[in-house]
Amino acid sequence: MLQLKNICKSYTTGDFTQVALNDVSISFRDNEFVAILGPSGSGKTTLLNVMGGLDHYDSGDMIVDGISTHRYKDRDWDTFRNNRIGFVFQSYNLIPHQTAKEALASVGLSEHLNKKPSQLSGGQMQRVAIARALINDPEIVLADEPTGALDSHTSVQIMDLLTQIAKDRLV
Ligand code: ADP
Ligand code: MG
């Protein structure tokens, strides 16, 4: 479904250019749990942002369902992001004044429907973020250090949840 071919991306700040992705090629299956490991600054976030259409590659190609994204217009990227991708971030990215409502039963949080993020633990907030990422049933869930802010016990629970989710999508 998703294939990266010789993807390169650099960031230029002033007269300094940082190569973030250097000729990355990888193919993903439709239902798969994939972990991308590397030290801080090695390009993991850049890769996820490119895969999720949040950021653009400089060269190479990303193939979606066998079709090159070379000719994608902004509108096509919007459609790709909105219809196929769910994002989970390290820092939860929840909206402070909104309660957590539907989709929460699926992540074991049905007793917390009316709570605000400040009334939830880190693990619970990340479950809400995962539920949010699943709301339009995306084919691909991209999680950027989803356990980075959690203790090791809670991290294991969140990884178990993501593993379950990967049974019928690419995580
Ligand atoms: P990771 O997520 O693995 O820590 P990143 O993808 O965030 O790595 O960063 C890869 C490299 O690109 C780093 O050297 C980082 O400093 C640089 N970088 C990331 N985003 C930007 C940006 N917006 N502007 C300039 N440099 C950036
Ligand atoms: Mg990162």
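Described in the following lines is the structure provided in the data block.

Procedures and definitions
Residues numbered from 1 in each chain as written. Chains lettered and ligands numbered in written order. Predicted model: local features only at pLDDT ≥ 70, side-chain atom pairs only at ≥ 80, totals over all residues. Heavy atoms only, no water. Helix = DSSP H or I, 4+ residues; strand = E, 2+ residues; numbered from the N terminus. Buried < 20%, exposed > 50% of the residue type's maximum accessible area, 1.4 Å probe, protein only. Polar contact = N/O pair within 3.5 Å; in protein donor to acceptor, adjacent residues only side chain to side chain. Contact = heavy atoms within 4.5 Å. Core = buried A, V, L, I, M, F, W, Y, C linked by side-chain atoms within 4.5 Å. Salt bridge = Lys/Arg side-chain N within 4 Å of Asp/Glu carboxyl O. Pairing = 2+ DSSP bridges. Near = heavy atom within 4 Å. Areas by Shrake-Rupley, 256 points an atom, 1.4 Å probe, with all protein chains shown as cover. Nonpolar A, V, L, I, M, F, W, Y, C, P; charged D, E, K, R; others polar. Axes fitted to C-alpha atoms, helices over the stretch in contact; angles between N-to-C directions. Parallel < 35°, antiparallel > 145°, perpendicular 65-115°, else oblique. Left-handed = near helix turned anticlockwise from the far one by under 90°.

**Some words on the side chain of Glu32**
Following the sequence through the fold, Glu32 ends up in the loop between β2 (16-28) and α1 (44-51). Judged by relative accessible area, which is 17%, Glu32 ranks as buried. A distance of 2.7 Å separates a polar side-chain atom of Glu32 from the backbone nitrogen of Arg29. When residues no more than four places from it in sequence are discounted, the contact partners of Glu32 are Ala166, Arg169, Leu170 and Val171.

**Topic: the nonpolar core**
Grouped together as the largest cluster of nonpolar side chains are 23 residues, with contacts concentrated most on Leu104, Val107, Val128, Ile130 and Ile165. If you list the elements that add at least two residues to this core, you get α3 (122-134) and α4 (152-165). Element by element, the count of residues in this core is highest for α3, at seven residues. Other than its neighbours up to four places away in sequence, Ile165 contacts Ile130, Leu134 and Val171.

**Structural notes on the pattern of salt bridges**
Overall, the coordinates contain seven salt bridges when judged by the stated rule. As a salt-bridge pair, Asp65 and Arg84 come within 2.7 Å of each other at their nearest N and O atoms. Remark: Arg84 occurs in helix α2 (residues 74-84) and Asp65 occurs in the loop between β3 (59-64) and β4 (67-68); sequence separation between them is 19 residues. On the basis of relative accessible area, Asp65 is assigned to the partly exposed category, the value being 43%. Through salt bridges that share partners, Asp65, Arg84 and Glu139 make up one connected network.

**Some words on the sheet that holds strand β1 (residues 2-13)**
Reading across from one edge, β2-β1-β3-β4 is the order of the four strands in this open sheet, with antiparallel pairing throughout. A strand with exactly one partner marks an edge of an open sheet, and here the two such strands are β2 and β4. When β3 meets β4, the two strands line up antiparallel, connected through two bridges. Note that in β4 the partner of Val64 across the bridge is Ile67.

**Looking at the site of ligand 1**
What surrounds ligand 1 is the set Tyr11, Thr13, Gln18, Ala20, Pro39, Ser40, Gly41, Ser42, Gly43, Lys44, Thr45 and Thr46. A distance of 2.7 Å separates an oxygen atom of ligand 1 from a polar atom in the backbone of Gly41. Across the complex, the protein chains shield 64% of the 560 Å² of accessible surface that ligand 1 would expose by itself. Considering every element that reaches the shell around ligand 1, the biggest residue donor is α1, with three residues. Class assignment for the residues of the shell around ligand 1 results in three nonpolar, eight polar and one charged.

**A short note on the packing of α3 against α4**
Between two packed helices, what matters for the description is the angle formed by their axes and the separation of those axes. At their nearest, the axes of α3 and α4 sit 10 Å apart, and the two run at 15° to each other. By the angle class used here, α3 and α4 are roughly parallel. Like other packed secondary-structure pairs, α3 and α4 cross with a definite hand, here right-handed. Judged by residue contacts, Gly123, Gln126, Arg127, Ile130 and Leu134 of α3 engage Thr154, Gln157, Ile158, Leu161, Leu162 and Ile165 from α4.

**Focus: the environment of Met1**
Examined against the element boundaries, Met1 turns out to sit in the segment before β1. In this structure the C-alpha to C-alpha distance between Met1 and Val107, which are 106 residues apart in sequence, comes to 26 Å. Apart from the residues within four sequence positions on either side, Met1 is in contact with Phe28, Asp30, Ile63, Val64, Asp65, Arg84, Glu139 and Ile140.

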